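Below, each chain spelled out in residue letters.
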Amino acid sequence: MTIVTYGRLESNEGRLEMKISTKGRYALRLMLDLAEHNTGEYISLKDISERQNVTVKYLEQIVTSLTRAGFLRSQRGNNGGYRLARQPSEYTIGEILRVMEGNLEPIACLENYPNDCPRAEECVTLPFWIGLSKVINDYVNSYTLQTLLDSASELAGNTYMI
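Right, let's walk through the structure included here. Predicted, not measured: the structure shown is a model, and the values here were computed from it.

Examining the overall build of the chain
Reasoning step 1: Within the chain, the regular secondary structure consists of six helices and four strands.
Reasoning step 2: When its helices and strands are written in sequence order, the chain yields β-β-α-α-α-β-β-α-α-α.
Reasoning step 3: Residues counted as buried form 35% of the 162 residues belonging to the chain.
Reasoning step 4: Pairs at least 24 apart in sequence give 60% of the contacts found in the chain among residues at least 6 apart.

Structure, rendered in structure tokens:
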């Protein structure tokens, strides 16, 4: 088994896998938590930590990146904490993941434009990888924090009868 983060292909018993790192997944959970509890007030990492079952120390690493990217506003002091800098509908899942993961390209030769791979002109598989990249990026860009909040509300409201 080979362990890598998203954007890198890895081998696991003959299968190729692409993975989002724990930081990427927890960043999404943190942003969703802030969106769900968005009252305009600042929310402490302690409160988020308790709801998400993630250590404050780990969340501190995540909020540093998200704050630098301009996604969060922070305030120190007794009523300090974090809140979203924009409305939940204004954050795509793709941009949140890119802050934490870097680009979401499935292979290294797609990370630069124009493609600087010496085999690009003759690479038979390049169109496949470009297509996969488009599908991945279109998909993560088609969802916003608000989309996920709305989906969660619909799931919570559904009752099933047998």
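Some details on the pairing of strand β3 (residues 72-75)
Reasoning step 1: Sheet topology note: the β3/strand β4 (residues 81-84) ladder contains four bridges and is antiparallel. Bridged to Gln-75 within β4 is Gly-81.

Quick word on helix α1 (residues 22-36)
Reasoning step 1: Between its terminal C-alpha atoms α1 stretches 21 Å, which fits the 21 Å expected from 15 residues at 1.5 Å a residue.
Reasoning step 2: Among all positions in α1, only Gly-24, Ala-27, Leu-28, Leu-30, Met-31, Asp-33, Leu-34 and Ala-35 are buried.
Reasoning step 3: In this structure, the buried residues of α1 make contact with α2 (45-52), α3 (56-68), β3, β4, α4 (93-101) and α6 (145-157).

Focus on the nonpolar core
Reasoning step 1: Ranked by internal contacts, the top residues of the largest apolar core, which has 29 residues, are Leu-30, Met-31, Leu-66, Leu-72 and Leu-145.
Reasoning step 2: Elements represented by at least two residues in this core include exactly α1, α2, α3, β4, α4, α5 (126-142) and α6.
Reasoning step 3: Considering every element that reaches this core, the biggest residue donor is α1, with six residues.
Reasoning step 4: Ignoring anything within four residues of it in the chain, the contact list for Met-31 reads Leu-66, Phe-71, Leu-72, Leu-84, Tyr-91, Ile-96 and Leu-145.
Reasoning step 5: One finds Cys-109, Leu-110, Ala-120 and Leu-126 within the second-largest nonpolar core, a separate group that totals six residues.

Brief notes about the packing of aromatic side chains
Centre-to-centre distance and the angle between the planes together describe a pair of aromatic rings.
Reasoning step 1: Tallied over the entire structure, the rule returns four aromatic pairs.
Reasoning step 2: Ring geometry for Phe-71 versus Tyr-91: centroids 5.4 Å apart, planes at 75°, classification edge-to-face. Of this pair, Phe-71 sits in the loop between α3 and β3 while Tyr-91 is found in the loop between β4 and α4, placing the two residues 20 residues apart along the sequence. The pair formed by Phe-71 and Tyr-91 is uniform in burial state, with each residue classed as buried.
Reasoning step 3: The ring of Tyr-91 is capped by Arg-86, whose NZ or CZ atom sits 4.2 Å from the centre of that ring.

Quick notes on the rules
- Sequence positions are assigned chain by chain, starting from 1 and proceeding in written order.
- Side-chain atom pairs in this predicted model are given and counted only at pLDDT of 80 or more, local residue features only at pLDDT of at least 70, and totals for whole chains, interfaces and linings cover all residues.
- Only hydrogens and water are set aside when side-chain values are computed; all heavy atoms of the structure are taken into account.
- Counting from the N terminus, the helices are the DSSP runs of H or I reaching at least four residues and the strands are the DSSP runs of E reaching at least two.
- Burial classes follow relative accessibility: with a 1.4 Å probe on protein chains only, a residue under 20% of its type's maximum area counts as buried, one over 50% as exposed, and anything between as partly exposed.
- Any two residues having at least one pair of non-hydrogen atoms within 4.5 Å are treated as being in contact.
- Note: two strands are recorded as paired if DSSP finds a minimum of 2 bridges between them.
- A helix is expected to span 1.5 Å multiplied by its residue count minus one.
- Within this scheme, the nonpolar core is defined by two criteria: the residues are buried Ala, Val, Leu, Ile, Met, Phe, Trp, Tyr or Cys, and they are joined through side-chain atoms within 4.5 Å.
- Two rings from Phe, Tyr or Trp (for Trp, the six-membered ring) form a pair when their centres are within 6.5 Å of each other. A pair whose planes differ by under 30 degrees is stacked, one over 60 is edge-to-face, and the rest are tilted.
- Two conditions define a charge located above a ring, namely a distance within 6 Å from the ring centre to NZ of Lys or CZ of Arg, and an angle within 35 degrees of the ring normal.

On their own, these measurements won't tell you what the molecule is for.
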